[in-house]
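# Results of the structural survey
Next come the chains, spelled out residue by residue.
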Amino acid sequence: MSTNFSLPDVSDPMERHPKAPAPGDPFRLHHDLCHGCGVNAPGGLHVTVYAGEGFTTTAEMKVEEWMLGGPGVIHGGVLTAAFDEVLGTTPLIIGVPVVTGHLEVDFLKPIPIGSTLHFEAEVAAKERRKVFVRAVARLDDSDEPVATASAIFIEIDLRKHYAKYYDSASQSRL
Ligand SMILES: CCCCCCCCCCCC(=O)SCCNC(=O)CCNC(=O)[C@H](O)C(C)(C)COP(=O)(O)OP(=O)(O)OC[C@H]1O[C@@H](n2cnc3c(N)ncnc32)[C@H](O)[C@@H]1OP(=O)(O)O
């Protein structure tokens, strides 16, 4: 299937989930070995996502030397993985577990090793099982976006979706 990020004309109604973390609190890690958030993931990004107001989240990531792509700057794939984590966690604010269906990234400025990326994301719309999420990344104390991302995530039944991979899922806090 091939698709683009295009918001529906009308979103299904959305409500913040009553068990979503309070603004400023972190989302619970869903798996210790998750490449995005897992505390025990070898070479993982170790990104923690925090709930914001409404349907928003925030996150930070220190840009370390091992993330290098071009000389002195982050690899685009590493940045994309970080966006996937931040964007993919954000639907939990409305209580919807998802997998990534479609992810677009615009790389606007080089992102130096040693800087800190600040992410802001929001659930923009929901249409049946599709959850539309957007995010922006900024550097250190700057207001200027260095990258933006938009993604369509697809709502899943966690236990059915991962049933074939049970051994790995057994470590998961789903
Ligand atoms: C605590 C938890 C952790 C929460 C924290 C998680 C943070 C981790 C973040 C990382 C997340 C990942 O990397 S997840 C890993 C990467 N992604 C994956 O492995 C997904 C692989 N793909 C699949 O498993 C499947 O294709 C699915 C589940 C996405 C869709 O299959 P399906 O269930 O059969 O759904 P289907 O009926 O085809 O489609 C349902 C609706 O979605 C649309 N749709 C389907 N696929 C796509 C697509 N690729 N792009 C756009 N839209 C799509 C269809 O048009 C339809 O819309 P309409 O007809 O209603 O209009």
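Residues numbered from 1 in each chain as written. Predicted model: local features only at pLDDT ≥ 70, side-chain atom pairs only at ≥ 80, totals over all residues. Heavy atoms only, no water.

The chain has the name Acyl-coenzyme A thioesterase THEM4 in an unreviewed UniProt entry, where Gordonia alkaliphila is given as its organism.

Pairing in this open sheet of six strands is antiparallel, and the strands run E1-E2-E4-E5-E6-E3 from one edge to the other. At either end of the open sheet lies a strand with only one pairing partner, and these are strand E1 (49-51) and strand E3 (98-107). Neighbour to neighbour, the strand axes of the sheet diverge by 25 degrees on average, direction disregarded. With nine bridges connecting them, strand E5 (residues 130-139) and strand E6 (residues 145-155) associate as antiparallel partners. Each residue of the ladder has a partner; that of Lys130, found in E6, is Ile154. (Pairing = 2+ DSSP bridges. Helix = DSSP H or I, 4+ residues; strand = E, 2+ residues; numbered from the N terminus. Axes fitted to C-alpha atoms, helices over the stretch in contact; angles between N-to-C directions.)

Moving on, we come to the environment of Asp140. As for its position among the elements, Asp140 is in the loop between E5 and E6. Exposure remark for Asp140: the relative accessible area of 40% places this residue in the partly exposed category. As a C-alpha pair, Asp140 and Glu60 span 80 residues in sequence and 9.6 Å in three-dimensional space. Asp140 has contacts with Ser115, Thr116 and His118, leaving out every residue within four places of it along the chain. (Buried < 20%, exposed > 50% of the residue type's maximum accessible area, 1.4 Å probe, protein only. Contact = heavy atoms within 4.5 Å.)

A separate point is the pairing of strand E2 (residues 56-62). Burial along E2 is one-sided: the residues Thr57, Ala59 and Met61 are buried and none of Thr56, Thr58, Glu60 and Lys62 is. Note that E1 and E2 share three bridges and pair antiparallel. Bridge pairing in E2 links Val49 to Ala59. Hairpin geometry of E1 and E2 is characterised by an intervening segment of four residues between the two adjacent antiparallel strands and by a positive phi of about 60 degrees at Gly54.

Applying the stated criterion across every chain, the model contains two aromatic pairs. Ring plane angle 70 degrees and centroid distance 5.8 Å describe the contact between Phe5 and Phe132, whose orientation is recorded as edge-to-face. Pair noted here: Phe5 is in the segment before E1 and Phe132 is in strand E5, with a separation of 127 residues, a long-range link. The same class applies to Phe5 as to Phe132, namely buried. Taking 5.3 Å as the distance between ring centres and 80 degrees as the angle between the ring planes, the aromatic pair formed by Phe83 and Phe119 counts as edge-to-face. With Phe83 in helix H1 (residues 76-89) and Phe119 in strand E4 (residues 116-127), the pair connects residues that are 36 residues apart, well separated along the chain. Grouping residues by exposure puts Phe83 and Phe119 together as buried. (Phe/Tyr/Trp six-rings, centres within 6.5 Å; stacked < 30°, edge-to-face > 60°.)

The immediate surroundings of the ligand are formed by 17 residues, with Asp84, Gly101, Arg128, Arg129 and Lys130 found nearest. Between Asp84 and the ligand, the recorded distance is 2.8 Å, taken from a side-chain N or O atom to an oxygen atom. One nitrogen or oxygen atom from the main chain of Thr100 is found 3.1 Å from a nitrogen atom belonging to the ligand. Here the ligand, which alone exposes 1,200 Å², has 62% of that area covered by the protein. (Near = heavy atom within 4 Å. Polar contact = N/O pair within 3.5 Å; in protein donor to acceptor, adjacent residues only side chain to side chain. Areas by Shrake-Rupley, 256 points an atom, 1.4 Å probe, with all protein chains shown as cover.)

Before going further, it helps to examine the nonpolar core. General note: in soluble globular proteins, nonpolar side chains tend to be found buried as a group. Counting residues in each nonpolar core, the largest one holds 38 residues, and the members touching the most others are Met61, Ile74, Phe83, Leu117 and Phe119. Of all the elements in the fold, those that place two or more residues in this core are E1, E2, H1, E3, E4, E5 and E6. The element best represented in this core is H1, accounting for six residues. The contacts of Met61, once residues within four sequence positions are left out, are Leu45, Val47, Met67, Ile74, Ala82, Ser115, Thr116, Leu117 and Phe119. (Core = buried A, V, L, I, M, F, W, Y, C linked by side-chain atoms within 4.5 Å.)

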